[in-house]
Amino acid sequence: MVRVTPRLKATAEHVPRVPHRARPDEKTLQALKDIANKLRIHSIKETCASNSGHPTSCCSAAELMSVLFFHTMRYKANDPRNPSNDRFILSKKLAFVDVATGSLGQGLGAACGMAYTGKYLDKASYRVYCMLGDGECSEGSVWEAMAFASYYKLDNLVAILDVNRLGQSEAAPLQHNMDTYKERCKAFGFNTYVVDGHDVEELCKALWHAEQMKGKPTAIVAKTFKGKGLKGIEDQDNWHGKPMPKDRVEELINDLLSQIQSPNKPLHPQLPNEDVALADLTPIRLLTAPEYKIGDKMSTRKAYGVALKKMGDASPRVVAMDGDTKNSTFSDIFKKAHPDRFIECFIAEQNMVSVAIGCATRDRTVSFASTFAAFFARAYDHIRMAAISQSNVNLVGSHCGVSIGEDGPSQMALEDLAMFRAIPTCTVFYPSDGVSTERAVALAANTKGICFIRTSRPDTAVIYDAGEKFEVGKAKVVRQSDKDQVTIIGAGVTLHEALAAHDQLAKEGVNIRVIDPFTIKPLDASTIVASARATGGKVITVEDHYKEGGLGEAILSALGEEPGIVVHRLAVSRVPRSGKPQELLDMFGISAKSIVAAVRRTFAN
């Protein structure tokens, strides 16, 4: 039985009156209604053909899509990626959709990145429309994005809530409590309208008002019905994600066809104002070589900030964002030099990642987002979806491992390598000094896909000459001789511990080979295999990370099919504690002392 509810009226509390010119003529209104029903028919046919899909969800949004694409949005239909086009964000991947957000709760954050770019960086007239389901509004990331949009006064952004009442397994928590949705959106600083989502005239008016609003983003809270227009299915449970029964398809389609009154009236989208230049895709280079000398002390986190500022000097496309840790990640160096291209995202890492993804769409920017590496864990689903979206975004995590010291285990990233290694399209950089950090930042800016740069807190010695060349997937053999008996592979602070172990063992007449992998993914398997063979098949890995999924497992994967090679792994083996950095390196068995002991055990065995 179809639930009957009163139709929402366009009162002053909802959509104010509009000038006559903002209201489409009757023929256009009818054509928009007809397009909505055509969309319903297409959704039935396509989901039946594939035996999969969400036709009832499509039906609730049919008028919303009709009005957006055939009345409100400005774009070139034959050039969906044109930089001047209005943007649309939905949980699908189509020519007009820049990001895949099917995991839900992520589209609005990406839309914020696009809208911020349009308003403050491109300074263009394109607008950004994001459709959200009512069910996904239970995700906290939606409200992180709402807060961001309001704070930055993104008046070129429209969030459209398709409130169709029903979730996947039961009703959404607020069902059709439109006042609560309205008050929540208003409380987050949105200009808010409540509309009948199946009334094309109301939708046209609300979207027109959104264009006139200055200084605030707009939320259009649309009351809709799941399965709208499908007799016996509209507003009923247990139809989510199910194609229509084949024995009902003809009846349903014929009923929809009977409601189409002007099937041949053409509607054409308005063309955009072409006020956005094509992106300059020439490679971005450091204008000057690193200024460090061998032996200088510099943390890789600070070297990141220096490199980022230099990349910003080299190209206006480089933008940076941070989650209120800029004085620890040193992205504040970039902010001081280029304040107009720095976006403070505050303590909302999920939204920060999505904003970075949005900023990078259509190659509008080269975006770098930084925070403590541990805090990317809460944004992992957004990172995973960035790979599905084929996004080019650079994420920089500082304060990795027990070497951060007194800050304690809640701040220590010990899973981050495993996280990012598991992401397809992801390049994982792990620089070990100031020079290699600058080169990693420059390479990341020009590398397709997701890039993760892992930086460390302690000041460590510069080991590379300023002119040293670095490549993705190419390791550096930093110590070697013809008499090497063991290959040691370390990265970041543990590379420096390996170098200290090398010097101590050399005094005892024991030579070891030391390798800096530079990128953990892709790994330079050929150099590692060659060194392993040159040292009798004996390899020791040492990492400031848990054993699971880190450097050691990456090395094991590279050597897995090589006979006669044995890998011994030194890694953090339990939940750590607070302490001085060197104390913790010793306590968890990844210091120079531990490496020396491991080398001696290798010979004993």
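Residues numbered from 1 in each chain as written. Predicted model: local features only at pLDDT ≥ 70, side-chain atom pairs only at ≥ 80, totals over all residues. Heavy atoms only, no water.

J.: Looking at this structure, how should I read the packing of aromatic side chains?
T.: Each aromatic ring pair is specified by the distance between its two centres and by the angle formed by the two planes. Applying the stated criterion across every chain, the model contains 16 aromatic pairs. Geometrically, the ring pair formed by Phe69 and Phe88 is edge-to-face, given 5.2 Å between the ring centres and 80 degrees between the ring planes. Here Phe69 is found in helix H3 (residues 62-72), whereas its partner Phe88 is found in strand E1 (residues 87-89), with 19 residues between them in sequence. On the basis of relative accessible area, Phe69 is assigned to the buried category, the value being 11%. Residues Tyr464 and Phe470 carry aromatic rings whose centres are separated by 5.0 Å and whose planes lie at 90 degrees to one another, so their mutual orientation is edge-to-face. Here the two residues Tyr464 and Phe470 agree in accessibility, since each one is buried. Joined through ring pairs, the aromatic side chains of Tyr116, Tyr120, Phe148, Tyr151, Tyr152 and Phe346 make up one cluster. Here Arg87 stacks its cationic end above the ring of Tyr126, 3.6 Å away from the centre of that ring. (Phe/Tyr/Trp six-rings, centres within 6.5 Å; stacked < 30°, edge-to-face > 60°. Helix = DSSP H or I, 4+ residues; strand = E, 2+ residues; numbered from the N terminus. Buried < 20%, exposed > 50% of the residue type's maximum accessible area, 1.4 Å probe, protein only. Lys NZ or Arg CZ within 6 Å of the ring centre and 35° of its normal.)

J.: How should I be thinking about the pairing of strand E3 (residues 157-163) in this particular structure?
T.: The buried fraction of E3 amounts to seven of the seven residues, a majority that puts the element mostly inside the structure. Where burial is concerned, the two faces of E3 agree: the one with Leu157, Ala159, Leu161 and Val163 and the one with Val158, Ile160 and Asp162 are both buried. Bridging between strand E2 (residues 128-133) and E3 involves six bridges; their strand directions are parallel. By the bridge assignment for E3, Gly133 is matched with Asp162. (Pairing = 2+ DSSP bridges.)

J.: Explanation requested: the UniProt feature "domain: Transketolase-like pyrimidine-binding" (unreviewed entry) in the chain in the structure shown.
T.: UniProt records the feature "domain: Transketolase-like pyrimidine-binding" (unreviewed entry) at residues 298-462, using the numbering of this structure. Along residues 298-462 the backbone is 39% helical and 19% strand, and the end-to-end C-alpha distance reaches 7 Å. (UniProt positions renumbered as here; feature names shortened; annotations may be inferred.)

J.: Explain the pattern of salt bridges here, please?
T.: On inspection of all chains with the given rule, the structure shows 28 salt bridges. Each of the salt bridges in this network shares a partner with another, and the network as a whole consists of Arg23, Glu26, Glu201 and Lys205. (Salt bridge = Lys/Arg side-chain N within 4 Å of Asp/Glu carboxyl O.)

J.: Would you take a moment to explain the environment of Thr455 for this structure?
T.: Within the element layout of this structure, Thr455 appears in the loop between strand E12 (450-454) and strand E13 (460-461). Thr455 sits 104 residues away from Leu559 along the chain, and the two C-alpha atoms are 26 Å apart. Once residues within four sequence positions are removed from consideration, Thr455 is found in contact with Thr300, Arg301, Tyr304, Val396, Gly397, Ser398, His399 and Cys400. (Contact = heavy atoms within 4.5 Å.)

J.: Would you take a moment to explain the environment of Asp459 for this structure?
T.: Among the structural elements, Asp459 can be located in the loop between E12 and E13. If sequence neighbours within four positions are ignored, Asp459 has contacts with Lys297, Met298 and Ser299. Polar contacts involving the side chain of Asp459 include one to the main-chain amide nitrogen of Ser299, which spans 3.2 Å. (Polar contact = N/O pair within 3.5 Å; in protein donor to acceptor, adjacent residues only side chain to side chain.)

J.: Before we go on, may I ask you to explain the packing of helix H1 (residues 26-50) against helix H7 (residues 200-212) in this structure?
T.: How two helices pack is summed up by the angle between their axes together with the distance between the axes. Relative to each other, H1 and H7 sit at 105 degrees, their axes nearing to 9 Å. Viewed along their axes, H1 and H7 adopt a mutual orientation that is roughly perpendicular. Only Val200, Glu201 and Cys204 of H7 make contact with H1, whose side of the interface consists of Leu29, Leu32 and Lys33. When the residues that make up the contact of H1 with H7 are grouped by side-chain class, the tally is four nonpolar, no polar and two charged. (Axes fitted to C-alpha atoms, helices over the stretch in contact; angles between N-to-C directions. Parallel < 35°, antiparallel > 145°, perpendicular 65-115°, else oblique. Nonpolar A, V, L, I, M, F, W, Y, C, P; charged D, E, K, R; others polar.)

J.: It is not clear to me how the sheet that holds strand E10 (residues 393-398) should be interpreted in this structure. Could you clarify?
T.: Within a sheet, neighbouring strands are paired by backbone hydrogen bonds and run either parallel or antiparallel to one another. In space, the seven strands of this open sheet follow the order E8-E7-E9-E10-E12-E11-E17, with mixed pairing throughout. Each of the sheet's edge strands pairs with one partner strand only, and the pair in question is strand E8 (342-344) and strand E17 (519-521). Ignoring which end each strand starts from, the neighbouring axes of this sheet average 20 degrees apart.

J.: Hey, could you run me through the nonpolar core in this one?
T.: Nonpolar side chains in soluble globular proteins tend to end up buried together. In terms of nonpolar packing, the biggest core is built from 82 residues, with Leu108, Met321 and Leu395 touching the most fellow members. If one sorts the elements of this core by residue count, helix H4 (residues 107-121) sits on top with seven residues. Residues Val396, Ile453, Val462 and Ala498 belong to the second largest nonpolar core, which totals 58 residues. (Core = buried A, V, L, I, M, F, W, Y, C linked by side-chain atoms within 4.5 Å.)

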